[in-house]
There are 2 protein chains.
Amino acid sequence: MSTTVRQSKPLAGSDLGRQERGWNFGPGPAYLPEEVIREAQDALWHFGRTGMGIAEISHRDPLFLRLLEGLEERIRRLLQLPDSHTILFMAGGAKPHFSLIPLNLSRPHRRRAAYALTGYWSRLARAEASVLIQAEVAAEISTRGNPEHPTVIPDPAQWALPEAIDYLYYTDNESIDGIEFAAPPVREGVCLVSDMTANLFSRPIPHLDTFDLIFAGAQKNLGITGLAIVILRKEALGGSLEGWPRYLLYQEWMTHHSMVNTPPTFNLYLADLMARWMEKEGGLVALAARNRKKADLLYAAIDQSGGFYRNGISPTCRSRMNVPFRLADEDQTPRFLEMAAGAGLVQLAGHHSVGGCRASIYNAMPETGVRQLSEFMREYQRTAG
Amino acid sequence: MSTTVRQSKPLAGSDLGRQERGWNFGPGPAYLPEEVIREAQDALWHFGRTGMGIAEISHRDPLFLRLLEGLEERIRRLLQLPDSHTILFMAGGAKPHFSLIPLNLSRPHRRRAAYALTGYWSRLARAEASVLIQAEVAAEISTRGNPEHPTVIPDPAQWALPEAIDYLYYTDNESIDGIEFAAPPVREGVCLVSDMTANLFSRPIPHLDTFDLIFAGAQKNLGITGLAIVILRKEALGGSLEGWPRYLLYQEWMTHHSMVNTPPTFNLYLADLMARWMEKEGGLVALAARNRKKADLLYAAIDQSGGFYRNGISPTCRSRMNVPFRLADEDQTPRFLEMAAGAGLVQLAGHHSVGGCRASIYNAMPETGVRQLSEFMREYQRTAG
């Protein structure tokens, strides 16, 4: 086992007051809506009137196939996806797609793409792509900004793109660095590919028709780990891929409607519950407004702390999903995290590669949870700081 | 969506009597012990005293890392695994390993292995391997046996193995054809690789030290879909694999203790519950005895039906996990399945590639369920046949 661990102390029951569950700011696995959990609990025991639980029913059962079709339709509606694009569900997380994308989308005689490096995940994606193709740098920013010289994404219109690329890859939201694109870096005649793992479904996506591919791990806004969603322009697939294992080919997944092998049925069920929940909450426009408000609350708590809490990202590209912050006195971080957990505010540690703190506030986190965190931050500064 | 569907009619509540759950003979996704489901329901809401549910806790949280370590230790104990072998947990099912095995285990200057073709899955495994290496046939049997000329696996000592192979691949249990090896086909100086998806943990594995690799999807005896387990002799890995995506390399998974990316945490949790349950039930020796008895009951119901139900596999290699059978009058199959479902005996349809009926009776299926099926079969023959 890895020895790097995240902060999460067991809580005394009384600390959480009347509810057994704290406010969970984990980056993914992440907080789930309580009504979704309640429904999943029931379904584990019996799914409809089948005499089976949802984890025990065949992926070829008509009921399950209807669930999958419904999930796809709901996602189409939520995103307003054009017919030119298909939706694939694949087991595993987002990372395999760092390799699958260059493999499947690069043309045999070109094998060249451009990568915008705006944080941890885009750098990793480029490194994996470099095993397979020529992965050029479209833009690169320092993520070590500070309140005086904040990190900013330069205007995509100014990026120096190489000639003849198969696609322009960017990470719409860098969940570790807390950096998010305000809008897709649309460039004339360039197909976009984007890792939206941490912000898919958090707002409508403009210019959807300029995307060859969008992918995301499910464990942020679409349920739990073990599932990835791929949104693919059907005509984007490159040339022949002889000599490669068939299960690595998006074409296979398209042909077999995401059933190249037994799919992760429970994980897909959770995704469907989340999609239903998003529709019930008003869809992506409503969720986007709520997410904007939550993020504003939290950045205000940071910016109004007089430097006690610090975030080094320019407001123009601060993430609405993942809010990293540091205490000016970094030695206090473990104490801050411990006291927060004691107050029922859990999984606030920053990624192990950067340390500090991070509050992930995906769709499921209500404004109440964010307000409690903001209040705790002010109170901590007043009494303990 | 695929249009091929499995039989599973919704049940009237009253049909199931006092329990809401039927006896589920699905091949995987499969029946789970009721106490495992009850515990998973609780854990979805709160996992220990963390203030979070099991699907919401970080994979790097100390509690989750302990769970993973405990799972590995339990599997080691259950299988009596030697230290020479490591255990990997990977997202997705068993099928990707049809490609990963030849990729990772074949030596650069050899790239040749032998495959025993004893059913659907071994033939598919060879087809996938042939994309990458020279996959020779070690043995091939007809799976279209009948009670007069039953299918039999020829003595492995007589198989004509090619020279200089990297491994001998076989499918310990063919879940569609209902064929199982009585013992591993051990040959002097030959490393074994086996797909044990459908029977891993159903009995002790003799000659474990002759195996380079054993793999299995979890959805039979280790929980739910979306997870595979790989048992690997550490020294079995072949040569350089430059130019291949890193996440396809078993070495990477070994180095990172199954954390190459965010693992399917809920699926791993279910695997741990199942491993605990197996230990509580007395381990693999006790489970093997129970499984033998269950299979004997069911084959007796078939063999004593005077040809009304038929199974064409020799008793020497009949699967103890998956019992396929056909009605002599095949036109009755839909009615048989419908009436069985009405009696709370669900997911009895055969695989869509072969039709007929199939009862999968993994560890979790109690003898009571098998007895009820046997009685239903006799009653159906008496009243409806």
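All of these numbers come straight from a predicted model, not from anything done at the bench. (Residues numbered from 1 in each chain as written. Chains lettered and ligands numbered in written order. Predicted model: local features only at pLDDT ≥ 70, side-chain atom pairs only at ≥ 80, totals over all residues.)

### A word on the relation of the copies chain B and chain A
The operation relating the pair of chain copies consists of a rotation about an axis and a translation along that axis. Selection criterion: Least-squares superposition of the copies uses the C-alpha atoms of those residues scoring a pLDDT of at least 70 in each of them. Each residue is represented by a C-beta atom placed from its backbone, and any two residues with such atoms within 7 Å are regarded as in contact.
Least-squares fitting of chain B to chain A yields an RMSD of 0.0 Å, with the transformation described by 0.0 Å of translation along the axis and a rotation of 180 degrees. Here the transformation between the copies is reduced to the relation of a two-fold axis. Closest approach to the rotation axis among the C-alpha atoms of chain B is made by B:Gln41, whose C-alpha sits 2.4 Å away. Taken together, the interface assignments show that 100% of the residues at the interface of chain B recur at the interface of chain A, consistent with an identical surface on both copies.

### Re the domain arrangement of chain A
Residues and elements named next belong to chain A. Basically, it comes down to this: Domain borders in the structure are assigned automatically or taken from a domain database. Put simply, DSSP marks the helices as runs of H or I at least four residues long and the strands as runs of E at least two long, and each gets a number from the N terminus on. Residues are grouped as follows: nonpolar covers Ala, Val, Leu, Ile, Met, Phe, Trp, Tyr, Cys and Pro; charged covers Asp, Glu, Lys and Arg; every other residue, Gly included, is treated as polar.
Its domain assignment divides chain A into domain 1 (13-29 + 284-383) and domain 2 (62-280). The C-alpha-based centres of domain 1 and domain 2 are spaced at 27 Å. Taken together, the 27 residues of domain 1 in the interface contact 31 residues of domain 2. Of all the secondary-structure elements, those providing two or more residues to the side of domain 1 that touches domain 2 are α7 (283-303) and β12 (322-327). With five residues, α7 is the single largest residue contributor to the side of domain 1 that touches domain 2. Residues of the side of domain 1 that touches domain 2, tallied by class, amount to 13 nonpolar, eleven polar and three charged.

### Focus on helix α4 (residues 120-130) of chain B
All names here are of chain B. To keep it simple, the criterion reads: Neighbour counting defines burial: a residue surrounded by 20 or more other C-beta atoms within 10 Å of its own C-beta is buried, one with 12 or fewer is exposed, and intermediate counts give partly exposed, using backbone-placed C-beta atoms. Picture the helix axis, draw a direction to every C-beta atom, and the arc is the one those directions span.
Taken together, the buried positions of α4 are occupied by Trp-121, Ser-122, Ala-125, Arg-126, Glu-128 and Ala-129. Down the axis of α4, the smallest arc covering the buried residues is 165 degrees, so these residues share one side. Buried residues along α4 sit in contact with α3 (96-105), β3 (112-117), β4 (134-140), β5 (168-171), β6 (173-174) and β8 (192-195).

### Some remarks on the environment of A:Gly178
Residue and element names in this part refer to chain A. One can find Gly-178 in the loop between β6 (173-174) and β7 (179-180). Separated by 138 residues in sequence, Gly-178 and Ala-40 place their C-alpha atoms 31 Å apart. When neighbours within four sequence positions are excluded, Gly-178 is seen to be in contact with Asn-311, Ile-313, Arg-318, Ser-319, Asn-322, Val-323 and Pro-324.

### So, the packing of helix α2 (residues 62-79) of chain B against helix α6 (residues 265-280) of chain B
All names here are of chain B. Counted only if it meets this: All axes here are fitted lines through C-alpha atoms, helices being fitted over the stretch that makes contact, and every angle between N-to-C directions spans 0 to 180 degrees. Throughout this description, any angle smaller than 35 degrees is read as roughly parallel, any larger than 145 degrees as roughly antiparallel, any in the 65 to 115 degree range as roughly perpendicular, and the remainder as oblique. Here a crossing is called left-handed whenever its near helix is offset anticlockwise from the far helix by less than a right angle, and right-handed whenever the offset is clockwise.
Closest axis-to-axis distance for the α2/α6 pair is 9 Å, and the angle between their directions is 40 degrees. When the interaxial angle is binned, α2 and α6 end up oblique. Considering how the two elements wind past one another, α2 and α6 form a crossing that is left-handed. Contacts between α2 and α6 pair Phe-64, Leu-67, Leu-68, Gly-70, Leu-71, Arg-74, Ile-75 and Leu-78 from the former with Thr-265, Leu-268, Tyr-269, Ala-271, Asp-272, Ala-275, Arg-276, Met-278 and Glu-279 from the latter. Class assignment for the residues of the contact of α2 with α6 results in eleven nonpolar, two polar and four charged.

### Some remarks on the sheet that holds strand β12 (residues 322-327) of chain B
All names here are of chain B. For the record, the criterion: Strand pairing requires that DSSP identify at least two bridges connecting the strands.
The antiparallel open sheet is built from three strands, whose spatial order is β11-β12-β14. Sheet topology places β11 (309-310) and β14 (357-360) at the edges, where each strand pairs with a single neighbour. Sheet topology places β12 next to β14; four bridges connect them, and they run antiparallel. Bridged to Val-323 within β14 is Ala-359. Along the sheet, helix α7 (residues 283-303) makes contact with β11, β12 and β14, crossing β12 at roughly 10 degrees.

### Points about the interface of chain B and chain A
Taken together, the contact between chain B and chain A spans 73 residues of the former and 73 residues of the latter. Sorting the residues of the side of chain B that touches chain A by element identifies α1 (34-45), α2, α3 and α6 of chain B as the ones contributing at least two each. With five residues, α1(B) is the single largest residue contributor to the side of chain B that touches chain A.

### A closer look at the sheet that holds strand β14 (residues 357-360) of chain A
Across the sheet, which stays open at both edges, the three strands sit in the order β11-β12-β14 (chain A) with antiparallel pairing between neighbours. Each of the sheet's edge strands pairs with one partner strand only, and the pair in question is β11 (309-310) and β14 of chain A.

### What about the pairing of strand β10 (residues 227-233) of chain B?
Residues and elements named next belong to chain B. With seven of its seven residues buried, β10 lies for the most part within the structure. Residues Leu-227, Ile-229, Ile-231 and Arg-233 point to one face of β10 and Ala-228, Val-230 and Leu-232 to the other, with burial holding for every one of them. As judged from the seven bridges shared by strand β2 (residues 85-91) and β10, these two strands associate in the antiparallel manner. The partner of Thr-86 across the bridge, within β10, is Leu-232. Bridge analysis of strand β9 (residues 211-217) against β10 gives five bridges, and the strand direction is antiparallel. Considered in β10, the bridge of Ala-216 is made with Ile-229.

### Description of unusual backbone geometry
Across the junction of A:Gly28 and A:Pro29, the peptide omega takes the value 0 degrees, indicating a cis bond. As for its position among the elements, A:Pro29 is in the loop between β1 (23-24) and α1 (34-45). With a phi angle near 55 degrees, A:His207 is a residue other than glycine that sits in the positive phi range. By the secondary structure assignment, A:His207 is in the loop between β8 (192-195) and β9 (211-217). Unusually for a residue other than glycine, B:Ser258 sits at a positive phi of about 65 degrees. With respect to the helices and strands, the residue B:Ser258 is situated in the loop between α5 (250-255) and α6.

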